[in-house]
Amino acid sequence: MNCSLNEAQWRIASLPVRFGGVGIRKVEDLAVPAFLSSMNSVTGLVNEMLNYSDKPMPQVFSEAYKKWTDDGLEVPGNPFAQKNWDDISIQNVLQQIIPESPKDKARLLASLKPESGHWLTCLPSENLGTLLESNTFRISMALRLGCNVCKIHT
């Protein structure tokens, strides 16, 4: 994009497209939801394979679960799907983003609309007319994230 991003802009960029971001996810945002959903999905099967009737959860699972609840996050109704854990985490991130100006707030609210990110998810094809030029893509991304598109050259 050839522009610098502040912390809030990076935070928004790391959200999924459906939540107003760019879809460049951070590993630390995905690690705990992925682990918790995976452990919930396989624990019953592993206990059945090893003939454990009521084997306690591994300590690492208890620690991850404790970290999740200590952060004030609720446990999803369906704990087997990572998307459910991730959605709760993303909602928490969105609540922590405080727009600096009314223009930033309007940009964030507009990017949260379902239609606003369709251009990021379409197949870039010159034949179909969906391929953006580099400069058009750069400006579109900068506008979506609230970056300075043009700087005065001194």
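Coordinates for the structure precede this section.
The shown structure was predicted, so the numbers you read here are calculated from the model rather than taken from an experiment.

Caption draft 1: Highlighting the overall build of the protein. Regarding its fold elements, the protein presents seven helices and zero strands. Written out in order from the N terminus, the α and β elements of the protein read α-α-α-α-α-α-α. Relative to a compact globule of 154 residues, whose C-alpha radius of gyration would be 15 Å, the protein shows 20 Å and is clearly more extended. Judged by the C-alpha coordinates and their principal axes, the protein covers about 70 × 40 × 30 Å. Residues classed as buried in the protein amount to 29% of the 154 residues present. Here the contacts in the protein between residues at least 6 apart in sequence split such that 57% fall between residues at least 24 apart. Taken as a whole, the protein presents about 10500 Å² of accessible surface, with 57% of it coming from carbon and sulfur.

Caption draft 2: Just the packing of helix 2 (residues 27-49) against helix 4 (residues 82-96), in detail. At a closest axis distance of 8 Å, the pairing of helix 2 and helix 4 adopts a crossing angle of 145 degrees. Here helix 2 and helix 4 pass one another in a crossing that is right-handed. The residues of helix 4 that touch helix 2, namely those facing Asp-29, Leu-30, Pro-33, Ala-34, Leu-36, Ser-37 and Asn-40, are Gln-82, Trp-85, Asp-86 and Ser-89. In terms of residue class, the contact of helix 2 with helix 4 is made up of five nonpolar, four polar and two charged.

Caption draft 3: Seen up close, the environment of Ile-97. Looking at where Ile-97 falls in the secondary structure, it is placed in the loop between helix 4 and helix 5 (102-111). Beyond its immediate stretch of four places on either side in the chain, Ile-97 contacts Arg-11, Ile-12, Leu-15 and Leu-108.

Caption draft 4: Representation of the packing of aromatic side chains within the structure. This structure, assessed with the given rule, holds three aromatic pairs. Note on Trp-68 and Trp-85: the rings are 5.1 Å apart at their centroids and 75 degrees apart in plane angle, and the pair reads as edge-to-face. Taken as a pair, Trp-68 in helix 3 (residues 59-70) and Trp-85 in helix 4 lie far apart in primary sequence, 17 residues in all. Exposure class is identical for Trp-68 and Trp-85. Each is buried.

Caption draft 5: Quick peek at the nonpolar core. Core analysis: the largest hydrophobic core is formed by 14 residues, its most contacted members being Leu-15, Leu-94, Ile-97 and Leu-145. Broken down by secondary-structure element, the contributors of at least two residues to this core are helix 1 (7-13), helix 4 and helix 7 (134-145). Once residues lying within four places of it in the same chain are set aside, the contact partners of Leu-94 are Leu-15, Phe-19 and Leu-112. Residues Val-32, Met-39, Leu-73 and Ile-88 belong to the second largest nonpolar core, which totals nine residues.

Caption draft 6: Structural view of a nonpolar patch on the surface. Together, Val-42, Leu-45, Val-46, Met-49, Leu-50 and Tyr-52 make up an exposed nonpolar region whose accessible area comes to about 580 Å². One can find Leu-50 in the loop between helix 2 and helix 3.

Definitions and cut-offs
- Residues numbered from 1 in each chain as written.
- Predicted model: local features only at pLDDT ≥ 70, side-chain atom pairs only at ≥ 80, totals over all residues.
- Heavy atoms only, no water.
- Helix = DSSP H or I, 4+ residues; strand = E, 2+ residues; numbered from the N terminus.
- Rg over C-alpha atoms; globule rule 2.2 N^0.38 Å.
- Buried < 20%, exposed > 50% of the residue type's maximum accessible area, 1.4 Å probe, protein only.
- Contact = heavy atoms within 4.5 Å.
- Areas by Shrake-Rupley, 256 points an atom, 1.4 Å probe, with all protein chains shown as cover.
- Axes fitted to C-alpha atoms, helices over the stretch in contact; angles between N-to-C directions.
- Left-handed = near helix turned anticlockwise from the far one by under 90°.
- Nonpolar A, V, L, I, M, F, W, Y, C, P; charged D, E, K, R; others polar.
- Phe/Tyr/Trp six-rings, centres within 6.5 Å; stacked < 30°, edge-to-face > 60°.
- Core = buried A, V, L, I, M, F, W, Y, C linked by side-chain atoms within 4.5 Å.
- Patch = residues over 30% accessible without salt bridge, like charges linked within 9 Å, V, L, I, M, F, W, Y side chains within 5 Å.
- Salt bridge = Lys/Arg side-chain N within 4 Å of Asp/Glu carboxyl O.

The values are spatial; any link to function lies outside them.
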